[in-house]
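# Descriptive analysis of the structure
Take a look at the letters that make up each chain.
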Amino acid sequence: MGQSAEFGKFLKAMRSRLKPEDGGLPGTSGVRRVPGLRREEIARLADVSTDYYTRLEQGRNIHPSRAVLDSVARALRLDSSEQAHMMDLLENCAKSQRPPLPAQSVRPALKQLLDAVGSVPALVLGRRTDVLAGNHLAFLLLADFPSMPAAERNLTRWMMLDPRAKELFRDWNSVAAEAVGTLRVDIGRHPDDAQANQLVGELAVQSENFRLWWAGHRVARRSAGSLRLHHPVVGDLELNVENLTLPDDPDQVLRVFSAKPGSPTADSLTLLGSFGAEAATAWEPTQTTDNTDASGAGFLTDSA
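Let me begin by describing the structure that accompanies this report. Not measured: the values here are computed from a predicted model. (Residues numbered from 1 in each chain as written. Predicted model: local features only at pLDDT ≥ 70, side-chain atom pairs only at ≥ 80, totals over all residues. Heavy atoms only, no water.)

Here strand β1 (residues 122–125) shows no split at all, with Ala122 and Val124 on one side and Leu123 and Leu125 on the other all buried. The pairing of β1 with strand β5 (residues 249–258) spans four bridges and is classified as antiparallel. If you follow leucine 123 over to β5, its bridge partner there is arginine 255. Bridge analysis of β1 against strand β2 (residues 131–134) gives three bridges, and the strand direction is antiparallel. Following the sheet pairing, leucine 123 is matched in β2 by glycine 134. The turn joining β1 and β2, which pair antiparallel and follow one another in sequence, is formed by five residues; a positive phi near 65° is taken by arginine 128. (Buried < 20%, exposed > 50% of the residue type's maximum accessible area, 1.4 Å probe, protein only. Helix = DSSP H or I, 4+ residues; strand = E, 2+ residues; numbered from the N terminus. Pairing = 2+ DSSP bridges.)

In structure tokens, the structure reads:
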């Protein structure tokens, strides 16, 4: 059934989180046999037949009109990110033969920008939340991605599997769950990405939290937010986070961490940046294909 099955699973997961009062339906006494609203209740709210909605959940009809999809989204109380993900799942159904995804590389001008904003941590994230490039301060703040084997330079993988990430993020549960939601958005856009599916399989095997969050079909598309860290060198930090999608490659995101001017966090970032300042040029993969080797030689640093 391909990605249409994922479309149905997403609808079912969204339905299971709702309560009768969420849809303006009268409450029922006793315990329901299954969590959430029933199919016929969602169908009634969406003004479609129960049979039609059932076929949507079963992946047997993947050509509903936009009006029907909008009605289903309202019935399921989807937010804008969830509705966009629903459309991704529908529009990107797995096809018989898709060409391999093009390799991602970081433009030289963008690398220069990473150097120029060296006083604030900044990363370039690609498909699957792969770390494509970053400045020295970002690696001091989070993790030394350049020293990792190529297959491990992934933000979500590091966040889920490295115990130091749990120590770094003061709100690890919410931050990690959001990272999983971001990965799910990517899977919805690129269902045939073999490396993404391999990553999901690895994380599902190794992380109980990942299995739980992945099963919930949560999606996350945040352009901005905040972050609380407890850094092993400079202590507690409160940072603003901006995610800027790059117009020439919508699968690349420039993530910038900043602090309020004059705040203790700003002073701590300055202190952190003083460590290893001689190596403070931006890093990026030496290879431009997604099939980087696992030797750990996939990043380079320019001479000053």
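Time to look at the packing of aromatic side chains. Enumeration according to the criterion identifies five aromatic pairs in this entry. Aromatic pair tryptophan 172 and tryptophan 213: ring centres 5.7 Å apart, planes at 45°, arrangement tilted. On the criterion of sequence distance, the pair formed by tryptophan 172 in helix α10 (residues 172–189) and tryptophan 213 in helix α12 (residues 208–215) is long-range, its members being 41 residues apart. For the pair tryptophan 172 and tryptophan 213, one class covers both residues: buried. Within the aromatic cluster, the residues linked to one another by ring pairs are Phe139, Phe145, Trp158 and Phe169. One residue, arginine 184, lies across the ring of tryptophan 214, its end atom 3.8 Å from the ring centre. (Phe/Tyr/Trp six-rings, centres within 6.5 Å; stacked < 30°, edge-to-face > 60°. Lys NZ or Arg CZ within 6 Å of the ring centre and 35° of its normal.)

Counting 44 residues, the largest nonpolar core has Leu141, Leu142, Phe145, Trp158, Met159 and Phe169 as the members making the most contacts within it. Residue contributions to this core peak at eight residues, all from α10. (Core = buried A, V, L, I, M, F, W, Y, C linked by side-chain atoms within 4.5 Å.)

A word on the pattern of salt bridges. Following the criterion strictly, the structure yields 18 salt bridges and no others. Between arginine 17 and glutamate 82 there is a salt bridge, with its nearest N and O atoms 2.8 Å apart. Of this pair, arginine 17 sits in the loop between α1 (3–16) and α2 (39–46) while glutamate 82 sits in helix α5 (residues 80–91), and the two are 65 residues apart along the sequence. Take arginine 17: its relative accessible area is 38%, and that puts it in the partly exposed class. The partner of aspartate 251 in a salt bridge is arginine 189, and the shortest N-O contact between them spans 3.2 Å. In this pair, aspartate 251 is assigned in strand β5 and arginine 189 in helix α10, connecting sequence segments 62 residues apart. By relative accessible area, which is 11% here, aspartate 251 ends up buried. Classification of arginine 189 by relative accessible area gives partly exposed; the value is 29%. Several salt bridges share partner residues, and in doing so they unite Glu6, Lys9 and Arg184 into one network. (Salt bridge = Lys/Arg side-chain N within 4 Å of Asp/Glu carboxyl O.)

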